[in-house]
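# Observations on chain architecture
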Amino acid sequence: MNHDAYPDNYIRGILNSVKSIAMVGASPVNVRPSYFAFKYLMQRGYDMIPVNPGHVGKELLGKPFVASLSDIGRPVDMIDIFRNSSHIMPVVEEALTLDPLPKVIWMQLGARDDAAAAKAESVGIKVVMNRCPKIEYGRLSSEISWMGVNSRTLSSKRAPAPTQGMRLSLNRMSVGGGNTAASDRAAKNKSEQS
Amino acid sequence: MSDRLPGFSTLAVHAGAQPDPTTGARATPIYQTTSFVFNDADHAASLFGLQAFGNIYTRIGNPTNAVLEERVAALEGGTAALAVASGHAAQVVVLQQLLQPGDEFIAARKLYGGSINQFTHAFKSFGWNVVWADPDDIASFERAVTPRTKAIFIESIANPAGSITDIEAISTVARKAGVPLIVDNTLASPYLIRPIDHGADIVVHSLTKFLGGHGNSLGGIIVDAGTFDWSTGGKYPMLSEPRPEYHGIRLQETFGNFAFAIACRVLGLRDLGPALSPFNAFMILTGIETLPLRMQKHCDNAKAVAEYLAGHPAVASVNYAGLPSDKYNQLARKYAPRGAGAVFTFSLKGGYDAGVSLVSKLQLFSHLANVGDTRSLVIHPASTTHSQLDDAAKIKSGAGPDVVRLSIGIEDKEDLIADLEQALGA
């Protein structure tokens, strides 16, 4: 996979197929990006599991924190890593010990580790780096258009108004533009320096 | 679903718009409302905390305006956009995110006169200091860079003479200086030039001109290219530092490659207040649907009129980059191969009196201070917009006593030429 530019179909396929998401580095602080993403993905019907050893014994929006991936105790489809690029590899290594393996490893906006990605891909796991699943879900459903963001999609179909807990259709026609090359480059440079 | 990319005309009609979820209305409805109800207290808190996508109050966002924003972002190839009340408002909101009092920005000397005024006088009282550079001398931009420089501002096609700016060369200077390049793309529209393809980080427009295109509605817009890394060196604290207005959110970290557009919305528009009326957004959206058709006709007509004027015995010179003999013709071929725009100047051998006489005799051309209308427009700067300046200052700003500016509309070109013929002849 070319990690500098993902085809919409790749992202769409992942978000349409995964049901459970373990979020490593999930924060209970409600101004942190991980909190935003956790809450949104839960509202869009994903089975969310917060992973953060610092908050075991507490809950995030009603879901109990676990200390590590191996403490989840059931299969998960996707691992969403909210850690800096330099902390990615140990999480991926732990993910590779799970049985069954996760189908997807997703690294958050600003996080990129090409060596860790290669390791995961070598055992058939799909990898996304330097993207936010909330932003991508909002973009492909066009819900993010409320904020003036270029969804890079079109549709002539009448879609229902989004309500709480509703899964949205991500199957819209894709459009060009919305270059992400510069932010990808910045994340890559940061991970190489660290 | 395929990743096939639709063309510009398809985007001009469809981008951002889909049938209304509630009524099925196919044209974008005018959501003429100040505010939007919340589902419950948690939904309200999520919206105010920027955690959820949705509408709160029309000063922050509106569904009609959102369609306009996404459409222009798509046409320019940006990640997001923010519509505001005017082109001038767009400039204030952009620079508010970039400059602290005492900072500098470099601007091309050849700009719309209103922008020169805004930068020189209004922004001075905010402590934002403009440093002028010459777009015909790229090295003058490099020389103007200091540690306080926070941005570079240029027009793609510059008012009033329609000269073409070497966007790529200036973007190289901006990249080297580590500052964003802001391009005012009003006179080109994305149909002729897409500045982001040439290195722009931010694009601004007066929507009032060719994008709206019908001379009926004011508006402005800011497009985020998503290309600038705001996190380096703490130079852009509005983007990189925790924002007290939002309990410590860092906008770049949270919104990634559209953080600048979000900053303009939640820090700029929210607090400065220049919101666009949804009715104006609707009018401008309707205009944009025909942008490719109109813009081509504007350019074709302008070229025909410029060629006619260049051969007229009463005309001393014509400044139109679409003419092969023009100083900017090479740049026009590179940046605007479909046409060099429709705003240009020419000068009359008869000087000031001939200019006044021409304007008074024209029957189709309207004498007014706007450009980018379906109607052809004329202004004699020396007797109107620039009449307060002395002769030397008039000449320096491209508004000498003999200069007339035209904005060519989409009428039949034969009628425009006939009108000029009768007004120049008698």
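### Remarks on the overall build of chain A
Each helix and strand in chain A was counted, giving six helices and nine strands. Taken over the C-alpha trace, chain A has a radius of gyration of 16 Å; the compact-globule value for 194 residues is 16 Å, and the two agree within 12%. For chain A, the spread of C-alpha atoms along the principal axes amounts to about 45 × 35 × 30 Å. For chain A, with 194 residues in total, the buried portion stands at 56%. For chain A, the share of sequence-separated contacts (at least 6 apart) that also reach a separation of at least 24 residues comes to 63%. Carbon and sulfur atoms make up 52% of the accessible area of chain A, which amounts to about 7,800 Å² in all. Side-chain charges in chain A split into 24 positive and 17 negative, and the spacing between the mean points of these groups amounts to 9 Å.

### A few points about the interface of chain B and chain A
Taken together, the contact pairs 56 residues of chain B with 51 residues of chain A. Each partner contributes to the roughly 4,300 Å² buried at the junction of chain B and chain A, and carbon and sulfur atoms together form 56% of this total. At the boundary of chain B with chain A, the tally comes to two salt bridges. As a salt-bridge pair, Glu253 of chain B and Arg32 of chain A come within 2.9 Å of each other at their nearest N and O atoms. Run the count over chain B and chain A and you get 15 residue pairs in polar contact (both at pLDDT 80 or more). Among the secondary structure elements, those contributing two or more residues to the side of chain B that touches chain A are helix H1 (8-14), helix H2 (41-48), helix H3 (63-76), strand E1 (80-84), helix H10 (251-255) and helix H11 (259-272) of chain B. Taken together, the residues of the side of chain B that touches chain A break down into 23 nonpolar, 23 polar and 10 charged.

### Some thoughts on the domain arrangement of chain B
Where interface size is quoted, it is often the accessible area lost as the parts come together. All names here are of chain B. Along its sequence, chain B is carved into domain 1 (8-287) and domain 2 (291-425). Between the C-alpha centres of domain 1 and domain 2 there is a distance of 29 Å. Each partner contributes to the interface: domain 1 provides 34 residues, whereas domain 2 provides 33 residues. When residues of domain 1 are sorted by the area they lose upon contact with domain 2, Ile164, Tyr191 and Phe210 head the list and together hold 28% of the total. On inspection of domain 1 and its partner domain 2, the count reaches two salt bridges.

### Comments concerning the sheet that holds strand E13 (residues 377-379) of chain B
All names here are of chain B. Reading across the sheet, the five strands line up as E10-E11-E14-E13-E12 and stay open at both edges, with mixed pairing between neighbours. What marks the edges here is a single partner per strand, and that holds for strand E10 (315-319) and strand E12 (366-367). Taken strand by strand, helix H13 (residues 291-310) contacts E10, strand E11 (343-348) and strand E14 (403-407), and its axis lies near 10° from that of E11. Where helix H15 (residues 351-361) meets the sheet, it contacts E11, E12, E13 and E14, and its direction lies at approximately 125° from that of E11.

### A look at the sheet that holds strand E1 (residues 20-24) of chain A
Either a parallel or an antiparallel arrangement is found when strands of a sheet pair, and the pairing is made through backbone hydrogen bonds. All names here are of chain A. The strand order E2-E1-E5-E6-E7 describes an open sheet built from five strands, whose pairing is parallel. Unpaired on one side and paired on the other, strand E2 (47-51) and strand E7 (126-128) mark the two borders of the sheet. Adjacent strand axes in the sheet meet at a mean angle of 20° when their direction is disregarded. One ladder, built from three bridges, connects strand E6 (residues 104-107) with E7; its direction is parallel.

### Digging into the pattern of salt bridges
Inspection of the entire model under this criterion finds 24 salt bridges over all chains. Lys150 of chain B is the partner of Asp103 of chain B in a salt bridge, and the nearest nitrogen-oxygen pair spans 2.8 Å. Here the residue Asp103 of chain B occupies a position in the loop between helix H4 (87-98) and strand E2 (104-108), and Lys150 of chain B occupies one in strand E4 (residues 149-155), the gap between them amounting to 47 residues. Under the relative-accessibility criterion, Asp103 of chain B is labelled buried at 2%. A relative accessible area of 8% places Lys150 of chain B in the buried class. Several salt bridges share partner residues, and in doing so they unite Asp4, Arg112 and Asp114 of chain A into one network.

### As for the pairing of strand E8 (residues 202-206) of chain B
Residues and elements named next belong to chain B. Counting buried positions along E8 gives five out of five residues, so the element sits mostly inside the fold. The alternating pattern of E8 places Ile202, Val204 and Ser206 on one face and Val203 and His205 on the opposite face, and all of these are buried. Of the pairings in the sheet, the one linking strand E7 (residues 181-184) to E8 comprises three bridges and is parallel in character. Bridging across to E8, Asp184 finds its partner in Val204.

### Concerning the packing of aromatic side chains
This model, assessed by the stated rule, comprises 20 aromatic pairs over all chains. Taking the centre distance of 5.9 Å and the plane angle of 85° together, the rings of Tyr46 of chain A and Tyr137 of chain A count as edge-to-face. Linking Tyr46 of chain A in the loop between helix H2 (33-43) and E2 with Tyr137 of chain A in helix H5 (residues 133-141), this pair joins segments that are 91 residues apart in sequence. For Tyr137 of chain A, a relative accessible area of 1% gives the class buried. Both rings, one in Phe119 of chain B and one in Phe123 of chain B, keep their centres 5.5 Å apart while their planes meet at 25°; by these two values the pair is stacked.

### A look at the nonpolar core
All names here are of chain B. In this structure, Leu68, Leu98, Phe105 and Leu309 are the most contacted members of the largest nonpolar core, which totals 189 residues. Two domains each donate at least three residues to this core, and these are domain 1 (8-287) and domain 2 (291-425). If sequence neighbours within four positions are ignored, Leu68 has contacts with Ala83, Leu207, Ile221, Leu276, Ala281, Ile284, Leu285 and Ile288.

Cut-offs used in this document
Residues numbered from 1 in each chain as written. Chains lettered and ligands numbered in written order. Predicted model: local features only at pLDDT ≥ 70, side-chain atom pairs only at ≥ 80, totals over all residues. Heavy atoms only, no water. Helix = DSSP H or I, 4+ residues; strand = E, 2+ residues; numbered from the N terminus. Rg over C-alpha atoms; globule rule 2.2 N^0.38 Å. Buried < 20%, exposed > 50% of the residue type's maximum accessible area, 1.4 Å probe, protein only. Contact = heavy atoms within 4.5 Å. Areas by Shrake-Rupley, 256 points an atom, 1.4 Å probe, with all protein chains shown as cover. Lys, Arg positive; Asp, Glu negative; His and termini not counted. Charge placed at Lys NZ, Arg CZ, Asp CG, Glu CD. Buried area = accessible area lost by both parts, 1.4 Å probe. Salt bridge = Lys/Arg side-chain N within 4 Å of Asp/Glu carboxyl O. Polar contact = N/O pair within 3.5 Å; in protein donor to acceptor, adjacent residues only side chain to side chain. Nonpolar A, V, L, I, M, F, W, Y, C, P; charged D, E, K, R; others polar. Domains from an automatic or database assignment. Pairing = 2+ DSSP bridges. Axes fitted to C-alpha atoms, helices over the stretch in contact; angles between N-to-C directions. Phe/Tyr/Trp six-rings, centres within 6.5 Å; stacked < 30°, edge-to-face > 60°. Core = buried A, V, L, I, M, F, W, Y, C linked by side-chain atoms within 4.5 Å.

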